[in-house]
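# Residue-level structural notes
Spelled out from the first residue to the last, the chains are:
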8 protein chains.
Amino acid sequence: MIWHVYLSGEIHTDWREQIDAGVHDRGLPVQIMAPVTDHAASDDCGVEILGGEDKKVWHDRKGAGVNAIRTRTLLGRADIVAVRFGEKYKQWNAAFDAGQAAALGKSLIILRPPEHGHALKEVEAASDAVAETPEQVVRVLDYVINGRL
Amino acid sequence: MIWHVYLSGEIHTDWREQIDAGVHDRGLPVQIMAPVTDHAASDDCGVEILGGEDKKVWHDRKGAGVNAIRTRTLLGRADIVAVRFGEKYKQWNAAFDAGQAAALGKSLIILRPPEHGHALKEVEAASDAVAETPEQVVRVLDYVINGRL
Amino acid sequence: MIWHVYLSGEIHTDWREQIDAGVHDRGLPVQIMAPVTDHAASDDCGVEILGGEDKKVWHDRKGAGVNAIRTRTLLGRADIVAVRFGEKYKQWNAAFDAGQAAALGKSLIILRPPEHGHALKEVEAASDAVAETPEQVVRVLDYVINGRL
Amino acid sequence: MIWHVYLSGEIHTDWREQIDAGVHDRGLPVQIMAPVTDHAASDDCGVEILGGEDKKVWHDRKGAGVNAIRTRTLLGRADIVAVRFGEKYKQWNAAFDAGQAAALGKSLIILRPPEHGHALKEVEAASDAVAETPEQVVRVLDYVINGRL
Amino acid sequence: MIWHVYLSGEIHTDWREQIDAGVHDRGLPVQIMAPVTDHAASDDCGVEILGGEDKKVWHDRKGAGVNAIRTRTLLGRADIVAVRFGEKYKQWNAAFDAGQAAALGKSLIILRPPEHGHALKEVEAASDAVAETPEQVVRVLDYVINGRL
Amino acid sequence: MIWHVYLSGEIHTDWREQIDAGVHDRGLPVQIMAPVTDHAASDDCGVEILGGEDKKVWHDRKGAGVNAIRTRTLLGRADIVAVRFGEKYKQWNAAFDAGQAAALGKSLIILRPPEHGHALKEVEAASDAVAETPEQVVRVLDYVINGRL
Amino acid sequence: MIWHVYLSGEIHTDWREQIDAGVHDRGLPVQIMAPVTDHAASDDCGVEILGGEDKKVWHDRKGAGVNAIRTRTLLGRADIVAVRFGEKYKQWNAAFDAGQAAALGKSLIILRPPEHGHALKEVEAASDAVAETPEQVVRVLDYVINGRL
Amino acid sequence: MIWHVYLSGEIHTDWREQIDAGVHDRGLPVQIMAPVTDHAASDDCGVEILGGEDKKVWHDRKGAGVNAIRTRTLLGRADIVAVRFGEKYKQWNAAFDAGQAAALGKSLIILRPPEHGHALKEVEAASDAVAETPEQVVRVLDYVINGRL
């Protein structure tokens, strides 16, 4: 049995790679899924493929539409959605993904530094686990799948 | 026929009052709904009612749980969810509400200053309208209900 | 008990008025609902309220977004959706509404001239009744509500 | 992981073959699905198998019923529904499929020549991407699956 | 609080009137709903309103379509569906209604003479109560609403 | 891609074997599913496994409960539900299955002799195809899967 | 706007009356709903109305079926489900109601003495608030509805 | 075709091993799923992985959250949920799982000693089978899958 885990949120550190490596090291039957994490590609995919726009808002809208195809499909298949909130940027799309995941009845893991706890309190109340390191996420997966502590 | 409109997000300016006044002036059949906007009450409701906590994270968790009862009920009844993103704070709960609203199939209106457009692009792609002023939200409601421009 | 009936489709003849009059004449407990049928308002509502656009496609997109708020809410409340296909125009939004209504499990009545039967065969196979005149729609409503032939 | 893509709409040009070839050339893990595109078979399947009808409307109804079995199953399995609107015919079944896809929460790509943009504005507002060529659809799939631009 | 009760099935005895009278005598806050019980009207409504048919099967199909509008709406609003199976006829539509009610999560009461128990065993296993007289159905309603035995 | 087809209803003739043979002869990628068709086993499974009952109604209830586990699982996985109504018995469980299938959005094929058309009109109005022979069901499957007439 | 609150669980103390009185004292727009709390009536309703049984298990089954009609309807209408676990009895039906409420997406409040916290940990993790006194439940309602602490 | 069976409830006897052995002996195509049955690991997983807590209630809450990830995923995949109620402990989580399973439309088998029948009557009324031994559960599975008595 394969567990599908979608890693949403922050794309500027290597937290996904750490979780991926941890999952591999422990031999967990986990299919890791994620958004496109190449920032430039993610911003420009709409106009690159579907034609340029003069106004920034429509440039952005076209890209967001294309990225939504990926997000909707992968979020829909996920058993577990882990969302990381980092130090920088607004990260509203991360919280937006968390809201969708909660409403869809997905298991939700929040990964954030302690100082973000207060700002994330509504999101955390809808989650099953709050982690501070990628290693903790891997350990949660190992326990949840294998009962191994 | 009454239209139910939930106003989510920023609680430090009077945008809800402006929408409420506009709705009243135009005589729209709209039931405005909102979270508890008293910041201190919203933060402390959990420990005030259900008992104190030493650790901030559980203080927050208890409050978020109680507030979630209100949010879940009102969001569930809403026909339209308008979410305002302001200048300050993380506002992850606003984006989280927007994600829930989108997944529940609610009509979604985003209210934000122009400079937040890029950070909100995924949220806006899931919305039906993007406004910059409370007056625009009122005009959308008037048109949607009465066909009046 | 009030029955909610949404009248979708063609906006250039007075078929909605005929159904409305028929419902009134028979004293049926029916709440008639419809899209905004002022063609110009429907086309321009987006840019009128939310700001102008240079490109036609975004002018249209903004308007379609605002109109979708009305359609989604009223379609969601409808017990019965009647969709009229007329002589002119593409009327893809009518067929699109019919598709949404079918997927949402609404009762579906198609109103069209006989010569459109072949082009509408997939839509009609998903419908409960196919009428050729507004009077027939009124009679279906009277029978369905009162058992009166 | 296989992505399921249903190609709905116009059946008189080779747009499906072009997408199929493009998907094959790029080695995309995509299962292409489609309605029966043999026009005569699609029109006559009902009476051929289940017995003839004198009246055209029931000839059509029987065929539409049989075709609906295929459409419902494949649409239900699809992650992404791409709908092409061509130059000719009413194509109401294409818009009907798009409405069902939207209501079922599928990702939706519209493929049409620019001059159809206005007539399709409600459909496009519910879509994630609007393309003008089959090649663009293939590129969207490649990006969505592989993050490749 | 009003309870909505749909009375499906056999239309040749006065069991609905008995339940209606019992509900009235006890002053229960119950809205009784039912199909059109005029057998001729129910059979002919389709062709009467929408135009005649030569073949019996399409005569029947048109009528069944129109009646389905009523059934779908009322079944959808019902809290409780009571289905009576009588001595005569196939009554497949009664069992069909029961199947829909079960799949929709409605409370289900079966009303039948004892000798039909074996033939109804799958239906009864999906029901909440099996009654043999209309009076018992009224008493179930009184208890369920008022806790009165 | 495998198509899942559940064959519900009459268990006293070899119609399932005919469909199975036809599917095999044509090499269709179909997984045939069915209830337990051993009449005695189906009637007695409850008391055989879970302990005897003095009263027939509870003997039946226990068996129906156990059989419901099979029906619910297989019906839930089915893409297409074909229901046969034969000459004898009440066959209310067949109509009950059809009602569940309709409410669950499954494709529905009715297989019955012509003389049952009137009694089945409500069920047929909810179906996609009405066949009179097992061979016709096989041909519908072949067309639906392969577009082959 | 009326809030619907279902009070499930323990029926041997006056906790429902306390909540009812508190709601009344504060003038809250709350519709209190509950199971039948007359223990004997609740146990015997099935056999009283639908006929006696020799075996206890079927005596119980008939009663549970009838009570389920009430529970399903009221739980389905509830915005908030409060479940009390007391000192005595197994109270599996209380935990069963809580499981249904959680799966249906209802807001969930647990009311229990502190010593039951460990045994209820899975239930509490799915709840929004854990109270120890009826007064706390009333205060949660007052805050959730009025923002009043 | 693999059947997914989730074994919920009591973790102090070897009933799961007995069912597993029975399934293996009969060669049934069953995927057995279960919660983590190491009592200490199950209690402590939250604090072990995510950090310690001073208060028992939060120690418990963290563990319950992590265990919920496993339960939600496996319960969601299950065709059949068998819940055992043993002699000792409150076992509210077992009844809570049963409530979730019922609301999710899963097939439900209750396994309990006869003396618990009365306390479980509401749960049993929502179940498809009530067994007293693990061997009976295995026999139900064999019959349901193979029609073998």
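It should be noted that the structure appears before, not after, this text.
These numbers come from a predicted model, not from an experiment. (Residues numbered from 1 in each chain as written. Chains lettered and ligands numbered in written order. Predicted model: local features only at pLDDT ≥ 70, side-chain atom pairs only at ≥ 80, totals over all residues. Heavy atoms only, no water.)

## Some words on the overall build of chain A
Within chain A, the regular secondary structure consists of six helices and five strands. Beginning at the N terminus, the succession of helices and strands in chain A can be written as β-α-β-α-α-β-α-β-α-β-α. In terms of C-alpha radius of gyration, chain A reaches 16 Å, essentially the compact-globule figure of 15 Å for 149 residues. Its C-alpha atoms give chain A principal-axis dimensions of roughly 55 × 35 × 25 Å. Counting all 149 residues of chain A, 60% fall into the buried class. (Helix = DSSP H or I, 4+ residues; strand = E, 2+ residues; numbered from the N terminus. Rg over C-alpha atoms; globule rule 2.2 N^0.38 Å. Buried < 20%, exposed > 50% of the residue type's maximum accessible area, 1.4 Å probe, protein only.)

## Re the relation of the copies chain C and chain D
Superposition record for chain C on chain D: RMSD 0.0 Å, screw rotation 180°, translation along axis 0.0 Å. Here the two chains are linked by the operation of a two-fold rotation axis. When C-alpha distances to the rotation axis are compared across chain C, the minimum falls at Gly99(C), with a value of 2.1 Å. A share of 100% of the interface residues of chain C reappears at the interface of chain D, consistent with the copies meeting face to face through the same patch. (Least-squares fit on C-alpha atoms with pLDDT ≥ 70 in both. Contact = heavy atoms within 4.5 Å.)

## Here we look at the interface of chain C and chain D
With 35 residues of chain C at the contact, the number on the chain D side is 35 residues. Carbon and sulfur atoms supply 66% of the area that chain C and chain D bury against each other, a total of about 2900 Å² over both sides. Between the two partners, chain C and chain D, sit two salt bridges. Of the charged contacts, one joins Asp43(D) and Lys121(C) as a salt bridge, the two residues approaching to 3.3 Å between their closest N and O atoms. Viewed at the interface, chain D and chain C are joined by 10 residue pairs in polar contact (both at pLDDT 80 or more). Taken together, the elements giving at least two residues each to the side of chain C that touches chain D come down to helix 3 (56-77), helix 4 (92-103) and helix 5 (121-125) of chain C. At nine residues, the largest contribution of residues to the side of chain C that touches chain D is made by helix 4 of chain C. When its residues are assigned to classes, the side of chain C that touches chain D shows 17 nonpolar, eight polar and 10 charged. (Buried area = accessible area lost by both parts, 1.4 Å probe. Salt bridge = Lys/Arg side-chain N within 4 Å of Asp/Glu carboxyl O. Polar contact = N/O pair within 3.5 Å; in protein donor to acceptor, adjacent residues only side chain to side chain. Nonpolar A, V, L, I, M, F, W, Y, C, P; charged D, E, K, R; others polar.)

## What about the interface of chain H and chain F?
Taken residue by residue, the interface counts 23 residues in chain H and 18 residues in chain F. Summed over both sides, the interface of chain H with chain F buries roughly 1800 Å², with 62% coming from carbon and sulfur. It is Met1(H), Asp128(H) and Tyr143(H) in chain H that bury the most area against chain F; as a group they hold 33% of the surface buried on that side. Our count for the chain H to chain F interface comes out at two salt bridges. Secondary-structure elements contributing two or more residues to the side of chain H that touches chain F are strand 1 (3-9), strand 4 (107-111), strand 5 (129-131) and helix 6 (134-146) of chain H. Per element, the largest residue contribution to the side of chain H that touches chain F is seven residues, and it comes from helix 6 of chain H. Here the residues of the side of chain H that touches chain F are counted per class, giving 13 nonpolar, six polar and four charged.

## Considering the arrangement of the chains
No part of chain C reaches chain H; the closest C-alpha pair between them is 20 Å apart. Structurally, chain E and chain H remain out of contact, their C-alpha atoms never closer than 8 Å.

## Some points on the packing of helix 1 (residues 15-25) of chain D against helix 6 (residues 134-146) of chain D
Residues and elements named next belong to chain D. The interhelical angle for the contact between helix 1 and helix 6, taken along N-to-C directions, is 35°, at an axis separation of 9 Å. As helix 1 runs across helix 6, the sense of the crossing is right-handed. Contacts from Trp 15, Gln 18, Ile 19, Gly 22 and Val 23 of helix 1 reach helix 6 at Pro 134, Val 137, Val 138 and Leu 141. (Axes fitted to C-alpha atoms, helices over the stretch in contact; angles between N-to-C directions. Left-handed = near helix turned anticlockwise from the far one by under 90°.)

## What about helix 4 (residues 92-103) of chain D?
Residues and elements named next belong to chain D. Look at helix 4: 17 Å from first C-alpha to last across 12 residues, which is about the 16 Å you get at 1.5 Å a residue. Where burial is concerned, most of helix 4 is hidden: nine out of the 12 residues are buried. Along helix 4, the positions that sit buried rather than exposed are Trp 92, Ala 94, Ala 95, Phe 96, Asp 97, Ala 98, Gly 99, Gln 100 and Ala 101. A positive phi of about 80° marks Gly 105, the residue just after helix 4. (Expected span 1.5 Å × (residues − 1).)

## A look at the sheet that holds strand 4 (residues 107-111) of chain G
Taken in spatial order, the five strands make up an open sheet running 2-1-3-4-5 (chain G), and their pairing is parallel. Unpaired on one side and paired on the other, strand 2 (30-33) and strand 5 (129-131) of chain G mark the two borders of the sheet. The sheet shows a mean angle of 25° between the axes of neighbouring strands, taken without regard to direction. Across five bridges, the pairing between strand 1 (residues 3-9) of chain G and strand 3 (residues 80-84) of chain G is parallel. Within strand 3 of chain G, the residue paired with Ser8(G) across the bridge is Val83(G). Each of strand 1, strand 3, strand 4 and strand 5 of chain G touches helix 3 (residues 56-77) of chain B; the most contacted strand, strand 1 of chain G, lies at about 125° to it. (Pairing = 2+ DSSP bridges.)

## What to know about the packing of helix 6 (residues 134-146) of chain A against helix 2 (residues 39-50) of chain H
Interhelical geometry of helix 6 of chain A versus helix 2 of chain H gives an angle of 165° and a closest axis separation of 10 Å. It follows that helix 6 of chain A is roughly antiparallel to helix 2 of chain H by the angle criterion. Once helix 6 of chain A is placed against helix 2 of chain H, the crossing between them reads as right-handed. Residues Gln136(A), Arg139(A), Val140(A) and Tyr143(A) of helix 6 of chain A touch helix 2 of chain H, and the partners they reach there are Ala41(H), Ser42(H), Cys45(H), Glu48(H), Ile49(H) and Leu50(H). Its residues assigned to classes, the contact of helix 6 of chain A with helix 2 of chain H shows six nonpolar, two polar and two charged. (Parallel < 35°, antiparallel > 145°, perpendicular 65-115°, else oblique.)

## Topic: the pattern of salt bridges
This structure, assessed with the given rule, holds 104 salt bridges over all chains. Lys121(B) is the salt-bridge partner of Glu122(B), the closest N and O atoms lying 3.6 Å from each other. Given the relative accessible area of 8%, Lys121(B) is considered buried. Here Asp128(C) ties to Arg72(E) by a salt bridge, and the two come within 2.9 Å at their closest N and O atoms. Of the two residues, Asp128(C) is situated in the loop between helix 5 and strand 5 (129-131) and Arg72(E) in helix 3 (residues 56-77); the pairing between them involves two chains. One continuous salt-bridge network, built from bridges that share partners, spans Arg26(A), Glu135(A), Asp142(A) and Arg148(A).

## Quick notes on the side chain of Arg16(B)
All names here are of chain B. In this structure, Arg 16 sits in helix 1 (residues 15-25). This buried residue, Arg 16, is left without a salt bridge; Glu 10 holds the nearest opposite charge, at 6.2 Å. Reaching out from Arg 16, the side chain makes a polar contact with the backbone oxygen of Gly 9 at a distance of 3.1 Å. There is a polar contact of 3.0 Å between the side chain of Arg 16 and the backbone oxygen of Glu 10. If near-sequence neighbours (up to four positions away) are discounted, Arg 16 is found in contact with Leu 7, Ser 8, Gly 9, Glu 10, Ile 11, Ala 34, Pro 35 and Thr 37. (Lys, Arg positive; Asp, Glu negative; His and termini not counted.)

## A look at unusual backbone geometry
What is expected of a backbone is that most residues other than glycine have negative phi and most peptide bonds are trans. Backbone geometry at Gln91(A) places phi at a positive 60°, although glycine is not the residue there. Mapped onto the secondary structure, Gln91(A) falls in the loop between strand 3 (80-84) and helix 4 (92-103).

## A look at the relation of the copies chain H and chain F
Screw-axis analysis of chain H against chain F gives a translation of 0.0 Å along the axis, an RMSD of 0.0 Å, and a rotation angle of 90°. Taken together, the rotation and translation relating the two chain copies correspond to the operation of a four-fold axis. Closest to the rotation axis within chain H is the C-alpha of Arg77(H), separated from it by 8.7 Å.

## Quick word on the side chain of Lys106(H)
All names here are of chain H. Relative to the elements of secondary structure, Lys 106 occurs in the loop between helix 4 (92-103) and strand 4. Put simply, Lys 106 is tucked away with no salt bridge, and the nearest opposite charge, on Asp 79, sits 6.3 Å away. Of note is the side chain of Lys 106, whose polar atom sits 2.9 Å from the backbone oxygen of Gly 76.

Everything listed here is a matter of geometry and, on its own, says nothing about what the molecule does.
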